[in-house]
Structure formats: structure tokens, C-alpha cells
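Secondary and tertiary structure notes
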Amino acid sequence: MSEVTVALRYAKALIDLAQEQNSLEKVKDDMSLFLHTLKANPELKAVLSNPIVSHIKKVNILADVFGTKVDKVTILFFNIMVNKGRGEVLYTTAQEFIGLYDIKNHITNAKVTSAAPLSEANKKKMLDDVQQAIGGTVKLEAKVDPSLIGGFVLTVGDRQVDTSIATSLKRLKKDLARVAVK
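So, here is what we can say about the structure in this document. Not measured: the values here are computed from a predicted model.

**Observations regarding helix α1 (residues 3-20)**
- Look at α1: 26 Å from first C-alpha to last across 18 residues, which is about the 26 Å you get at 1.5 Å a residue.
- Among the residues making up α1, those that are buried are V6, A7, Y10, A11, L14, I15 and A18. For α1, the angular spread of buried residues about the axis comes to 170°, placing them on one side. Exposed side chains of α1 directed beyond 90 degrees from the buried face belong to R9 and E20.
- In the stretch just after α1, N22 is the one whose phi turns positive, near 55°.

See below:
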């Protein structure tokens, strides 16, 4: 079984457990903290994935790092995962959990990449427009890529709107090359 398939099964189980325990919001916050911590500390992610490191050491490390910061459901879940030899899928499980949480709460992730930083007014306008178009709640992530020259690329799910000058220039070049060949 692939890592994502295994992680998705554990994430579904965790979301069910968190709902049973009335701690879904807290566990979601814990999973976000866990992801952020592992992104900032790749060594921790490597230790959790390393089959040579004993389960007891992994459980102790997780308890030391997250013990007082996370809900008891989360720390128990970490312990179960590690003791079942699934420490290497903890990161992916947390990602899948956040994805399931977003689906359950009708939250859509959108990403806008622009040539220059967007003003807060522009971000708000774009967020409002996307929310109006798709309904539900939208989380908008803004990035800057100067290679776009101007304009922006908006990605919402599997849909993309590309108004960048770089893409327009590529299309123009392609069209001119096609005309020149005729």
C-alpha cells in the first residue's frame, strides 16, 4: 500500500476519534502545529522515519516536543502510530487529516502567485471574488514570482487562471512561430 493510502486511513480514523471526543478543532490545530514543526525541523521528520530509531525513543521525543502543547487525543494517536511502526507516515497523515478537515468544513485552498506582492486590498478582493464564485470558505495563499513579469496566476483546486505577462508572451511567441511556418 502506498504511503498516502495508509496515511489517509489513519487520518480518517483520527478525525472520527476527534469528533467522538469533541476535540476536532483542537486536534486540527495540533496537526497544523505538528506539520509546521516538522517543516521547520527536518531532522525530527528524519528521526520519525528512521526504522533504526526505537519506538520508545520516538515516543519519548514526541512527548518531549509536543506533550504539553497538544491534546491528549493527539499524543495518544502519535503513540499508537509509532508503536505500530508507522512513524514514517505521521507527517503524511497530518497532511491528510488537514485535507479531510477542510473538505468536511467546506474549506477550499487557493494559491495566487503574482509578479509583485499583492496589497491587502487586492488580496481581500481576490478572496471575496473566489468565495463568491465557489461558495464556502477559502484559504488564500499569496506568493511572489518575479518571472511572471506582471499579472498573476490563481489556482483553486484543479482550476487555474493565468493572467501573467510571461504566459501571454509565450502564447504570442508560439502563435508567431506557427504563422512563420505556414
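**Examining the nonpolar core**
- Counting 33 residues, the largest nonpolar core has M31, F34, L62, F66, F78, L90 and F97 as the members making the most contacts within it.
- The set of elements that each furnish at least two residues to this core consists of α1, α2 (24-40), α3 (42-49), α4 (55-66), α5 (72-83) and α6 (90-104).
- The biggest single contributor to this core is α6, with 7 residues.
- Setting aside anything within four residues of it in sequence, one finds F66 in contact with L33, F34, T37, L38, L44, I75 and F78.
- Listed in part, the 8 residues of the second largest apolar core include A110, V130, L154 and V156.

**Description of the pairing of strand β1 (residues 107-114)**
- When β1 meets strand β2 (residues 137-144), the two strands line up parallel, connected through 8 bridges. Within β2, the position partnered with T113 by the bridge is K143.
- With respect to chirality, the unit in which β1 leads through helix α7 (residues 120-134) into the neighbouring parallel β2 is right-handed.
- As judged from the 5 bridges shared by β1 and strand β3 (residues 152-156), these two strands associate in the antiparallel manner. Residue pairing for β3: V112 is matched across the bridge by L154.

**Observations regarding the sheet that holds β2**
- Read from one edge of the open sheet, 4 strands run β2-β1-β3-β4, paired in mixed fashion. Looking at which strands have only one partner, the edges of the open sheet turn out to be β2 and β4 (159-162). Strand-to-strand twist in this sheet, taken as the mean axis angle between neighbours without regard to direction, amounts to 15°.

Rules and cut-offs
- Residues numbered from 1 in each chain as written.
- Predicted model: local features only at pLDDT ≥ 70, side-chain atom pairs only at ≥ 80, totals over all residues.
- Heavy atoms only, no water.
- Helix = DSSP H or I, 4+ residues; strand = E, 2+ residues; numbered from the N terminus.
- Expected span 1.5 Å × (residues − 1).
- Buried < 20%, exposed > 50% of the residue type's maximum accessible area, 1.4 Å probe, protein only.
- Arc of directions from axis to C-beta.
- Core = buried A, V, L, I, M, F, W, Y, C linked by side-chain atoms within 4.5 Å.
- Contact = heavy atoms within 4.5 Å.
- Pairing = 2+ DSSP bridges.
- Right-handed = clockwise from strand over helix to strand, strands pointing away.
- Axes fitted to C-alpha atoms, helices over the stretch in contact; angles between N-to-C directions.

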